[in-house]
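The residues making up each chain are set out below.
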Amino acid sequence: MVTPFKGIQAPNNDVVMGGEEPLEYLTAEGATIKPGHHVKKGSTDDLITPGDASGNSIGWAGYGKAGVFKPTDTTTAYAAGDLVPVHEKPGLPVKAWLASGETVVKGQPLKPAANGELAAATVGTDDIIARAAEDASGNVQFMIKSMI
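So, here is what we can say about the structure in this document. (Residues numbered from 1 in each chain as written. Predicted model: local features only at pLDDT ≥ 70, side-chain atom pairs only at ≥ 80, totals over all residues. Heavy atoms only, no water.)

## Regarding the overall build of the chain
Condition: Secondary structure elements follow DSSP: runs of H or I of four or more residues count as helices, runs of E of two or more count as strands, with numbering from the N terminus. Here the globule rule is a power law, 2.2 Å times the number of residues to the power 0.38, and the radius of gyration is based on C-alpha atoms. Here's how the labels work: a residue is buried when its accessible area is under 20% of the maximum for its type, exposed when over 50%, partly exposed in between, all with a 1.4 Å probe on protein chains only. The contact criterion used is simple: two residues touch if any of their non-hydrogen atoms lie within 4.5 Å. Only the protein chains shown count as cover for residues, with accessible areas throughout obtained via the Shrake-Rupley method and a probe of 1.4 Å.
Helix and strand counts for the chain stand at zero helices and twelve strands. Going from N to C terminus, the chain has its helices and strands arranged as β-β-β-β-β-β-β-β-β-β-β-β. Over its C-alpha trace the chain gives a radius of gyration of 14 Å, about what one expects of a compact globule, namely 15 Å for 148 residues. The buried share of the chain, taken over its 148 residues, is 45%. Summarising the internal contacts of the chain: among those between residues at least 6 apart in sequence, 58% fall at separations of at least 24. Of the roughly 7200 Å² of accessible surface on the chain, a fraction of 51% belongs to carbon and sulfur atoms.

## Thoughts on the packing of aromatic side chains
Put simply, the test is: Classification of ring pairs rests on two measures: the distance between centres of Phe, Tyr or Trp rings, Trp counted by its six-membered ring, which must be within 6.5 Å, and the angle between planes, read as stacked under 30 degrees, edge-to-face over 60 and tilted in between. The rule is short: NZ of Lys or CZ of Arg within 6 Å of the ring centre and within 35 degrees of the ring normal puts a charge over the ring.
Throughout the structure, instances matching the rule amount to zero aromatic pairs. The side chain of lysine 34 reaches across the aromatic face of tryptophan 97, ending 4.8 Å from its centre. Cation over ring: lysine 70 sits above tyrosine 63, and NZ or CZ is 5.0 Å from the ring centre.

## Here's the deal with the sheet that holds strand E3 (residues 47-50)
Convention followed: Pairing between strands requires that DSSP locate at least two bridges from one strand to the other. Fitted lines through C-alpha atoms serve as axes, helices being fitted only where they are in contact, and the angles separating the N-to-C directions of these axes extend from 0 to 180 degrees.
Strand order in the closed barrel made by the five strands is E1-E3-E2-E4-E5, with mixed pairing throughout. Each strand of the sheet is rotated relative to its neighbour by a mean of 55°, with strand direction disregarded. As paired strands, strand E4 (residues 57-61) and strand E5 (residues 83-87) are joined by two bridges and run antiparallel to one another. Within E5, the residue paired with tryptophan 60 across the bridge is histidine 87.

## Re the pattern of salt bridges
Under the convention used in this document: Definition used for salt bridges: Asp or Glu carboxyl oxygen within 4 Å of a side-chain nitrogen of Lys or Arg.
The full count for this structure, using the stated rule, is four salt bridges. Lysine 65 is the salt-bridge partner of glutamate 21, the closest N and O atoms lying 3.0 Å from each other. Here glutamate 21 is found in the segment before strand E1 (24-28), whereas its partner lysine 65 is found in the loop between E4 and E5, with 44 residues between them in sequence.

## Brief notes about the environment of isoleucine 48
Examined against the element boundaries, isoleucine 48 turns out to sit in strand E3. Between the C-alpha atom of isoleucine 48 and that of alanine 61, which follows or precedes it by 13 residues, the distance is 9.4 Å. If we skip the residues at most four places from it in the chain, isoleucine 48 touches Leu26, Thr27, Ala28, Glu29, Ile33, Val39, Lys40, Lys41, Gly42, Ile58, Val84 and Val86.

Take a look at the structure:
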């Protein structure tokens, strides 16, 4: 008998589950956005930078739908000027980045941290943009459920 997979399984060769189409394509303002980072508006409406603790996250930098601009792998940053697929959909499973020094458990609310990464959040205090879909510790890619 085959045991079914339990929980959310990380996508192969992508950071979003189910071949989800990006909401929009925006231009990387610098060479610091990695697939799975939460991103925010850059210096103009068509530019993006990695999100930070100031909030205003507009979505998640994708990978699978990046076309000719796709980095070597999901741990490599886009080059400045690359078109980045940006995904935004509450409930969307995303392979995001946990900030260094953080430890989270499945179901824990997450807030924006520096450099497009996430940190544990406090409900009622922080800008919650996701929930952990698995336990994680340290600066790793891990599965979350988007709330943006």
